[in-house]
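Structure at a glance
This is what each chain is made of:
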Amino acid sequence: MEIFIGTEAECDELGAREIANQIKSKPDCVLGLATGSTPEGIYRKLVEKHRNGEVSFARVTTFNLDEYVGIPESHECSYHYFMDTNLFRHVDIRPGATHVPNGNAPDLNAECKRYEEMIAQSGGIDLQLLGIGPNGHIGFNEPGTPFESLTHVVDLTESTINANSRFFESHDQVPRQAVTMGIKSIMQARRIILVAKGASKARVIMKAIKGPVTPKVPASVLQLHPNVLIILDHDAASELTSCIK
Ligand code: F6R
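Residues numbered from 1 in each chain as written. Predicted model: local features only at pLDDT ≥ 70, side-chain atom pairs only at ≥ 80, totals over all residues. Heavy atoms only, no water.

1. What about the side chain of His-50?
Defined as follows: Helix and strand assignments come from DSSP, with helices taken as H or I runs of at least 4 residues and strands as E runs of at least 2, each series counted from the N terminus. Here, residues are in contact when the closest pair of their heavy atoms is within 4.5 Å.
Positionally, His-50 belongs in helix H2 (residues 40-51). When sequence neighbours within four positions are dropped, the list of residues in contact with His-50 reads Val-55, Ser-56, Phe-57, His-90, Val-91 and Asp-92.

Structure follows, in structure tokens:
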């Protein structure tokens, strides 16, 4: 596991450069993408790199980690909307090459199976970008999720509902369920980059990187992956650096 610690701008630049390099070395690569506050700066930098002519998404395929159940794709808080406004509409990715789970599918279990099959048919994920929840979740794999899990429907925990209520008008409007790639789906990616920013992630980053590998801290599973880069700003790294000093 490789760890980079820097300013927020350096984290965004490194995250974008890693993704751009992945695309340059394999133009038809498959990217696993995340939403939330953390990757916004990385997507902004990637859009800049695309506009500068440094990177083309023309042959790239993407799979997003997750989507809420029961809000329309056009809803400002849906992950379809997030990806469209933060990345897809600003780059030359082909319509049809971007995939986000359908949280409105009439049969959600069938949707999970279909999503998992599509990832496999695409040849699997080359590079998976991850954020981390304050409770250690990756995707929406909440504490206790089995490491063997594939794409599934999840009941969001109160901690995640609270953390994500900042994006919604009120706490009550946060969906209670989501479809998420599972821990096994994530671990099957050939390379994983986890990014964390801010003091609210410091404790869980410490647990995920230095603590025991346990479903109680889903991100701790990354200790078992052979090709992981962790990108931290100084605040998110503060408990790690104080233990090293
Ligand atoms: C989003 C996702 C989540 C977030 C995590 C951190 O697709 O899968 O695991 O990465 O909740 O969210 P932020 O970045 O908003 O702190």
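2. Considering the side chain of Ser-220
Put simply, the rule reads: For this analysis, a polar contact is any N or O atom pair within 3.5 Å, provided that within protein one partner can donate a hydrogen and the other can accept it, and provided that sequence-adjacent residues contribute only side-chain to side-chain pairs.
Structurally, Ser-220 is set in the loop between helix H7 (202-210) and strand S10 (228-233). Polar side-chain contacts of Ser-220 include one of 2.9 Å to the backbone nitrogen of Thr-214. The contacts of Ser-220, once residues within four sequence positions are left out, are Phe-147, Ala-208, Pro-212, Val-213 and Thr-214.

3. Some remarks on the packing of H2 against helix H3 (residues 79-86)
If you want to describe how two helices pack, look at the angle between their axes and the distance between the axes. Convention followed: A fitted line through C-alpha atoms represents every axis, and for helices the fit uses only the stretch in contact; the resulting angles, taken between N-to-C directions, go from 0 to 180 degrees. Put simply, angles under 35 degrees are roughly parallel, angles over 145 are roughly antiparallel, angles from 65 to 115 are roughly perpendicular, and the rest are oblique. Any residue outside Ala, Val, Leu, Ile, Met, Phe, Trp, Tyr, Cys, Pro, Asp, Glu, Lys and Arg is labelled polar, Gly included; the first ten of those are nonpolar and the last four are charged.
At a closest axis distance of 10 Å, the pairing of H2 and H3 adopts a crossing angle of 40°. In terms of orientation, H2 and H3 fall into the oblique class. Residue-level inspection shows Glu-40, Tyr-43 and Val-47 of H2 in contact with H3, the latter providing Phe-82, Met-83 and Asn-86. For the contact of H2 with H3, the residue count by class is four nonpolar, one polar and one charged.

4. Structural notes on the nonpolar core
Inclusion rule: Among the buried residues, those of types Ala, Val, Leu, Ile, Met, Phe, Trp, Tyr and Cys that are joined through side-chain atoms within 4.5 Å form a nonpolar core. For every residue, the accessible area (1.4 Å probe, protein chains only) is compared with the maximum for its type, and the residue is labelled buried under 20%, exposed over 50%, or partly exposed between those bounds.
One finds Leu-130, Ile-132, Ile-192, Leu-194, Ile-205, Leu-222 and Leu-232 to be the most contacted residues of the largest nonpolar core, which totals 33 residues. When contributions to this core are tallied by element, the ones reaching two or more residues are helix H4 (108-121), helix H6 (183-187), strand S9 (191-196), H7 and S10. It is H7 that contributes the most residues to this core, four residues altogether. Setting aside its immediate chain neighbours within four residues, Leu-130 contacts Ala-34, Leu-65, Ile-138, Ile-186, Ile-192, Ile-193, Leu-194, Val-195 and Leu-222. Counting residues in hydrophobic clusters, the runner-up holds 29 residues, among them Ala-20, Leu-33, Phe-88 and Leu-229.

5. Overview of H2
Put simply, the rule is: Helix span, as expected, comes to 1.5 Å for every residue beyond the first.
Helix length check: H2 (twelve residues) gives 17 Å between terminal C-alpha atoms against 16 Å at 1.5 Å per residue, within 8%. Among the residues of H2, Gly-41, Ile-42, Tyr-43, Leu-46, Val-47, Lys-49 and His-50 are the ones counted as buried. Tucked inside the fold, the buried residues of H2 contact helix H1 (8-25), strand S2 (30-33), H3, strand S6 (127-130) and S9. Positive phi appears at Gly-53, one or two residues downstream of H2, with a value of about 85°.

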